[in-house]
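As a plain string of letters, each chain reads:
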Amino acid sequence: MLDINPRQNRLYIRLQEAFRQGHEVRVRLPHGDFMGVPIYLDADFVELLDLYIPTPDEGDDCCERTVWLIKLSEIITISLSTEYWSKDRLEQLLSQENEPSESRE
């Protein structure tokens with residue numbers, strides 16, 4: 001069960017961050033995994049919206065919307081969305097971080 005004050009619970013805080021920023025999360029439960037963007041959150045439940053839009057090379061034009069309502073006391077683990085970059089994109093991101101900012105000069 002969640003702590004009495006859910007705002008002090010790390011799981012609740014992570015879900016709240018994802019809710020505010022519109023980030024996708026994956027929730028792993030004993031009976032399956034659920035992915036989506038939090039669209040509702042309270043002390044007991046999180047509601048995740050999962051939109052599936054096929055890519056052109058999949059050859060399918062069928063889109064799908066699924067909404068998962070998950071009881072927070074049943075969650076075993078949660079992972080935030082993973083980001084993927086090509087090697088070139090990663091090098092570009094790293095070089096931007098290493099450039100001195102003009103405001104420091």
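Residues numbered from 1 in each chain as written. Predicted model: local features only at pLDDT ≥ 70, side-chain atom pairs only at ≥ 80, totals over all residues. Heavy atoms only, no water.

1. Description of the overall build of the protein
How we decide: Secondary structure follows DSSP: runs of H or I at least 4 residues long count as helices, runs of E at least 2 residues long count as strands, and numbering of each begins at the N terminus. Residue burial is assigned from relative accessible area. The probe radius is 1.4 Å, only protein chains are included, and a residue is buried under 20% of its type maximum, exposed over 50%, and partly exposed in between. We call two residues in contact whenever any of their non-hydrogen atoms come within 4.5 Å of each other. Surface exposure here means Shrake-Rupley accessible area, sampled with a 1.4 Å probe, where a residue is shielded only by the protein chains that are shown.
Counting secondary structure elements, the protein contains two helices and five strands. Put simply, the protein runs from its N terminus to its C terminus through helices and strands in the order α-β-β-β-β-β-α. Every one of the 105 residues in the protein was classed for burial, and the buried ones make up 21%. A sequence separation of at least 24 residues applies to 42% of the contacts in the protein between residues at least 6 apart. Accessible surface for the protein amounts to roughly 8,400 Å². Of this, 49% is attributable to carbon and sulfur atoms.

2. Let's talk about the side chain of Thr66
Short version of the rule: Counting of polar contacts relies on pairs of N or O atoms within 3.5 Å, with two restrictions inside protein: one atom must be capable of donating a hydrogen and the other of accepting it, and residues adjacent in sequence are counted only when both atoms are side-chain atoms.
When you line up the elements, Thr66 lands in strand S4 (residues 64-71). Residue class for Thr66 comes out buried when judged on its relative accessible area of 18%. Within the local environment of Thr66, its side chain forms a polar contact with the side chain of Glu64, the two groups lying 3.4 Å apart. Ignoring any residue separated from it by four or fewer positions in sequence, one finds Thr66 in contact with Leu48, Leu49 and Asp50.

3. Quick notes on the sheet that holds strand S2 (residues 32-41)
Note the following rule: By definition, two strands form a pair when at least two bridges between them are found by DSSP. Every angle, taken between N-to-C directions, lies between 0 and 180 degrees, and every axis is a line fitted to C-alpha atoms, over only the stretch in contact when it is a helix.
The strand order across the open sheet formed by five strands is S4-S3-S2-S1-S5, and the pairing between neighbours is antiparallel. Only two strands of the sheet have a single neighbouring strand rather than two, namely S4 and strand S5 (77-80). Direction aside, neighbouring strands of the sheet carry axes that sit 40° apart on average. Lying over the sheet, helix H1 (residues 10-21) contacts strand S1 (25-29), S2, strand S3 (45-52) and S5, oriented at roughly 70° with respect to S2.

4. Brief notes about the nonpolar core
We count it as follows: To define a nonpolar core, start from buried Ala, Val, Leu, Ile, Met, Phe, Trp, Tyr and Cys residues and group those joined through side-chain atoms within 4.5 Å.
Grouped together as the largest cluster of nonpolar side chains are 14 residues, with contacts concentrated most on Leu15, Val27, Val46, Ile70, Leu72 and Ile75. Elements represented by at least two residues in this core include exactly H1, S1, S2 and S3. Top element by residues in this core is H1. It accounts for four residues. Once you skip the residues sitting within four places of it in the chain, Ile75 turns out to touch Leu11, Val27, Leu29 and Ile70.

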